[in-house]
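# What the coordinates show
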Amino acid sequence: MKLYCLSGHPTLPCNVLKFKSTTIMLDCGLDTTAALYFLPLPLVHSPRLSKLPGWVSKDGAINLEKELKECSGRVFVDSQPEFCLPEKELLDLSTIDVILISNYHCMMALPYITEHTGFTGTVYATEPTLQIGRLLMEELVTFMERVPKAHAATCWKNKEIQRLLPGPLKDAVDVWSWRKCYSMQEVNSALSKVQLVGYSQKVELFGAVQVTPLSSGYSLGSSNWIIQSHYEKVSYVSGSSLLTTHPQPMEQSSLKNSDVLILTGLTQIPTANPDGMLGEFCSNLAMTIRAGGNVLVPCYSSGVIYDLLECLYQFMDSANLGTTPFYFISPVANSSLEFSQIFAEWLCQNKQSKVYLPEPPFPHAELIQTNKLKHYPSIHGDFSSEFRQPCVVFTGHPSLRFGDVVHFMELWGKSSLNTIIFTEPDFSYLDALAPYQPLAMKCVYCPIDTRLNFHQVSKLLKDIQPLHVVCPEPYTQPPPAQPHRSDLMLELQPPPMAYRRCSVLGLPFRRRYERIHLLPELARSLVPSEIKAGVSVATVSAVLQSKDNKHVLQPVPKPAPVPPSKKRKRVMEEPPEVLNPKPLLSGAVPLEPFLAMLHKNGITEVKVEETADGHILHLQTEDVLIQLEEDATHIICDNNEPLRTALRDLVLRFLQKL
């Protein structure tokens, strides 16, 4: 059993498991942090960005003025942002049988895998994962296609040139694997290969293994997966949460008795408490609004935004913010808000019960009805005529490199009254802000990540007790910025097996058993013999048939009767005789009773020698050796067949025939 690791990003995993003749991809996360090396894509022409000077090396030998621009001491690529794909060269991706998706953030690379590798398998995901994943992909494509770039920058990727560039661009890794965003046609084609599954639904793969999704408690429809055969069990835990938020709670008991547990997607901010961050978010927002400023919240169009809106709904009246307008701007804003209300069976019990009252599970429905929350597909059109300040704007993309957020950064960045509040943990906020410097607006970092922290995961692993744990390398050492914090890493016995991008791990357990079915007529013919209390054994002569990973024992076919003929039969035409198998022997030959038996039969001069495996008996008068071992008995006797036969019969008296 092998695990191929195609992504080094702990929270955007992509691994391939080879298990019992099946090849299973576990998630296909897209690393969008590569976008931080690029200039933002403004929706409206930006004089500031268009006047940035091009980059030329100090000695003037390298001139990349058309590809690279300088801004506040850093160099950015002036091209459509690109993303870091999972590794495609480590194994032939066309051999993948199935892809299991754990949540909508971990499926963003799906079109690159299904459309460009010869993939012909099936993708399994829950319905909310598919629908919200579609929205996030659609949003990403729209962001890119709204602001097309005339040329693509590639010269800077040359190894000889890249190493001469200023940091952090010269330290960017795997730049040749970066790709532009896919198209909507590729998204639709990729998602047409998805087969929907429900929690605890068992799916057979080629009769070899069974896969089952379990609620992971992190987002709408997010799953952990059990991959098991009759005798082996692998659990895949990715992006799980034990906190009480809007999704169904995490299912833990089914993860018990795992041979191997593959663990990814822990919190990216282990020192930040989500509740504390929500409180800080609300207080900073209120402070800015009271001072007459605007608040910008760069966020994804699904996920934490539902919790932020719910928190603000409860906080607004007590903070006298009842008249402040809230704007949610995204090409998929309307769909996202509607989907969250219709996936009732995927929500926690508290929200499910509201549906039967009937009430909308989330309060943002009431915010929309009372006109406190308005949503728009973009800043163009209705928004520009209805927009009033001070206000709170939720919009994407959290990288600040594309989407409507770029326009608000240009619009509000010069005033110290305004505040930008980062809630998504995927991007370094300092790197996100770099192309907008110098910046006057206030910046607040309140990352909200509800996934498991190291304390929670240690407790979980103690409860479910897997034999072996496999995890990304960063989880096996303290964070580089806090090398003294040994509590921010996994300390387990035995130590976890760590992986990094492009590593191949041999998982530490061997398959030892296979289940075989007996046909009833064969089972009827068996005669079990009890060899010790509670244990019976029967010998079987049968034909083993294997098909679709199912194994069946069938009776040996009887030779077909030969029709009578007047001609004389030749000897060769007679059917082969089916011989009864020799009986199997079971048990051990005890030394003292055996010596007594020899004595009784007139063999008295016996010299006994102890060996590592048992005993050697030398019958001196007869010049015979008998080796008694745990699993064999040897009689060494020259030219005296009657004696050898007599000794064999004495040995057989102590053994059981099966």
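Computed from a predicted model, the values in this text were never measured in an experiment. (Residues numbered from 1 in each chain as written. Predicted model: local features only at pLDDT ≥ 70, side-chain atom pairs only at ≥ 80, totals over all residues. Heavy atoms only, no water.)

## Here we look at the overall build of the chain
In terms of helices and strands, the chain carries 17 helices and 36 strands. Over its C-alpha trace the chain gives a radius of gyration of 35 Å, far above what one expects of a compact globule, namely 26 Å for 658 residues. Projecting the C-alpha coordinates of the chain onto the three principal axes gives extents of approximately 115 × 70 × 65 Å. Expressed as a percentage of its 658 residues, the buried residues of the chain come to 50%. For the chain, the proportion of contacts with a sequence separation of at least 24, taken over those separated by at least 6, is 70%. About 32000 Å² of surface is accessible on the chain, with carbon and sulfur atoms providing 51% of the total. In the chain, 59 positive and 66 negative side-chain charges are present, and the distance between their average locations comes to 4 Å. (Helix = DSSP H or I, 4+ residues; strand = E, 2+ residues; numbered from the N terminus. Rg over C-alpha atoms; globule rule 2.2 N^0.38 Å. Buried < 20%, exposed > 50% of the residue type's maximum accessible area, 1.4 Å probe, protein only. Contact = heavy atoms within 4.5 Å. Areas by Shrake-Rupley, 256 points an atom, 1.4 Å probe, with all protein chains shown as cover. Lys, Arg positive; Asp, Glu negative; His and termini not counted. Charge placed at Lys NZ, Arg CZ, Asp CG, Glu CD.)

## A closer look at the domain arrangement of the chain
Bring the parts together and some accessible area is lost; that lost area is often taken as the interface size. The domain architecture assigned to the chain consists of domain 1 (2-41 + 80-148 + 156-270 + 451-506), domain 2 (42-79), domain 3 (274-445) and domain 4 (585-657). Once you take the C-alpha centre of each, domain 1 and domain 4 turn out to be 64 Å apart. (Domains from an automatic or database assignment.)

## Observations regarding the nonpolar core
Nonpolar side chains in soluble globular proteins generally cluster together in the buried interior. Grouped together as the largest cluster of nonpolar side chains are 109 residues, with contacts concentrated most on Met25, Ile99, Leu110, Phe281 and Phe394. With nine residues, helix 3 (residues 127-146) is the single largest residue contributor to this core. Each of domain 1 (2-41 + 80-148 + 156-270 + 451-506) and domain 3 (274-445) accounts for three or more of the residues forming this core. Leu17, Tyr124, Val197 and Tyr499 belong to the second largest nonpolar core, which has 26 residues in total. (Core = buried A, V, L, I, M, F, W, Y, C linked by side-chain atoms within 4.5 Å.)

## Quick look at the packing of helix 3 against helix 5 (residues 184-191)
Two packed helices can be described by the angle between their axes and the distance between those axes. The geometry of helix 3 relative to helix 5 is characterised by a closest axis approach of 10 Å and an angle of 165 degrees between their N-to-C directions. For the element pair helix 3 / helix 5, the angle class is roughly antiparallel. Crossing angle aside, the handedness with which helix 3 passes helix 5 is right-handed. Residues Leu130, Arg134, Met137, Glu138, Val141 and Glu145 of helix 3 pack against Met184, Val187, Asn188 and Leu191 of helix 5. By residue class, the composition of the contact of helix 3 with helix 5 is six nonpolar, one polar and three charged. (Axes fitted to C-alpha atoms, helices over the stretch in contact; angles between N-to-C directions. Parallel < 35°, antiparallel > 145°, perpendicular 65-115°, else oblique. Left-handed = near helix turned anticlockwise from the far one by under 90°. Nonpolar A, V, L, I, M, F, W, Y, C, P; charged D, E, K, R; others polar.)

## Quick notes on the sheet that holds strand 2 (residues 15-19)
As summarised here, the arrangement of the seven strands in space is 11-9-8-3-2-1-25, forming an open sheet in which the pairing is mixed. Only two strands of the sheet have a single partner each, and these edge strands are strand 11 (194-196) and strand 25 (504-506). The sheet shows a mean angle of 25 degrees between the axes of neighbouring strands, direction not considered. Bridge analysis of strand 1 (residues 2-5) against strand 2 gives four bridges, and the strand direction is antiparallel. By the bridge assignment, Cys5 is partnered in strand 2 with Asn15. (Pairing = 2+ DSSP bridges.)

## Examining empty space enclosed by the protein
What the rule picks out here adds up to three cavities of 30 Å³ or more. Here the largest cavity defines a volume of roughly 230 Å³. Forming the boundary of the largest cavity are 22 residues, of which His105, Tyr218, Val304, Glu424 and Ile448 lie nearest the centre. Its residues assigned to classes, the lining of the largest cavity shows seven nonpolar, 10 polar and five charged. A volume near 170 Å³ is recorded for the second largest cavity. Lining of the second largest cavity is provided by Leu12, Leu30, Thr32, His105, Met108, Leu136, Glu139, Leu140, Tyr300, His397 and Asp426. A per-class count over the lining of the second largest cavity returns six nonpolar, three polar and two charged. (1 Å grid on protein atoms, 1.4 Å probe; cavity = no way out; pocket = protein on both sides within 12 Å on 5 of 7 lines; lining within 4 Å. Points joined across faces, edges and corners; volume = space filled by probe spheres on them.)

## Looking at helix 7 (residues 304-316)
Along its 13 residues, helix 7 runs 18 Å from first to last C-alpha, staying within 8% of the 18 Å computed at 1.5 Å per residue. Of all 13 residues in helix 7, 10 are buried, a share of seventy percent or more. Those residues of helix 7 lying buried are Val304, Ile305, Tyr306, Asp307, Leu308, Leu309, Glu310, Cys311, Leu312 and Met316. (Expected span 1.5 Å × (residues − 1).)

## What about the layout of surface pockets?
What the largest pocket holds in volume is close to 1400 Å³. Of the residues in the lining of the largest pocket, the class split is 24 nonpolar, 10 polar and nine charged. Lining the lining of the largest pocket are residues from two domains, each supplying at least three of them: domain 1 (2-41 + 80-148 + 156-270 + 451-506) and domain 3 (274-445).

## A look at the packing of aromatic side chains
Evaluated as defined, the whole model comprises 23 aromatic pairs. Arranged with centres 6.1 Å apart and planes meeting at 55 degrees, the rings of Tyr327 and Tyr376 form a pair that is tilted. Within this pair, whereas Tyr327 is found in strand 18 (residues 326-329), its partner Tyr376 is found in strand 19 (residues 373-376), the two being separated by 49 residues in sequence. A single burial state applies to Tyr327 and to Tyr376, both of which are buried. (Phe/Tyr/Trp six-rings, centres within 6.5 Å; stacked < 30°, edge-to-face > 60°.)

## Remarks on the pairing of strand 1
Summarising the sheet, strand 1 and strand 25 pair through three bridges and their orientation is antiparallel. For Leu3, the partnering residue across the bridge sits in strand 25 and is Leu505.

## A short note on helix 16 (residues 591-600)
Every buried residue belonging to helix 16 is among Leu591, Phe594, Met597 and Leu598, and all of these are buried. Angularly, the buried residues of helix 16 cover 125 degrees about the axis, an arc narrow enough to put them on a single face. Relative to its buried face, helix 16 has exposed residues pointing more than 90 degrees away, namely Glu592, His599 and Lys600. Residues of helix 16 that are buried in the fold lie against strand 32 (606-610), strand 33 (614-619), strand 34 (624-629) and helix 17 (641-652). In the stretch just after helix 16, Gly602 is the one whose phi turns positive, near 90 degrees. (Arc of directions from axis to C-beta.)

## A word on the sheet that holds strand 30 (residues 550-555)
Read from one edge of the open sheet, three strands run 26-30-29, paired in mixed fashion. What marks the edges here is a single partner per strand, and that holds for strand 26 (517-518) and strand 29 (542-547). Direction of pairing for strand 29 relative to strand 30: antiparallel, over a ladder of six bridges. Bridged to Leu544 within strand 30 is Leu553.

## Let's talk about the pattern of salt bridges
Evaluation of the coordinates by the stated rule reveals 18 salt bridges. Across the salt bridge formed by Lys149 and Asp78, the nearest N and O atoms sit 2.6 Å from each other. One end of the pair, Lys149, is in the loop between helix 3 and helix 4 (159-162); the other, Asp78, is in the loop between strand 6 (74-77) and strand 7 (83-84), and 71 residues separate them in sequence. Given a relative accessible area of 30%, Lys149 falls into the partly exposed group. According to the relative accessible area criterion, Asp78 is buried, its value standing at 14%. Residues Arg648 and Asp649 are paired through a salt bridge, measuring 3.2 Å at the closest nitrogen-oxygen approach. The exposure class of Arg648 is partly exposed, given its relative accessible area of 36%. A relative accessible area of 36% means that Asp649 is categorised as partly exposed. Among the charged side chains, a salt-bridge network with shared partners connects Glu87, Asp174 and Arg501. (Salt bridge = Lys/Arg side-chain N within 4 Å of Asp/Glu carboxyl O.)

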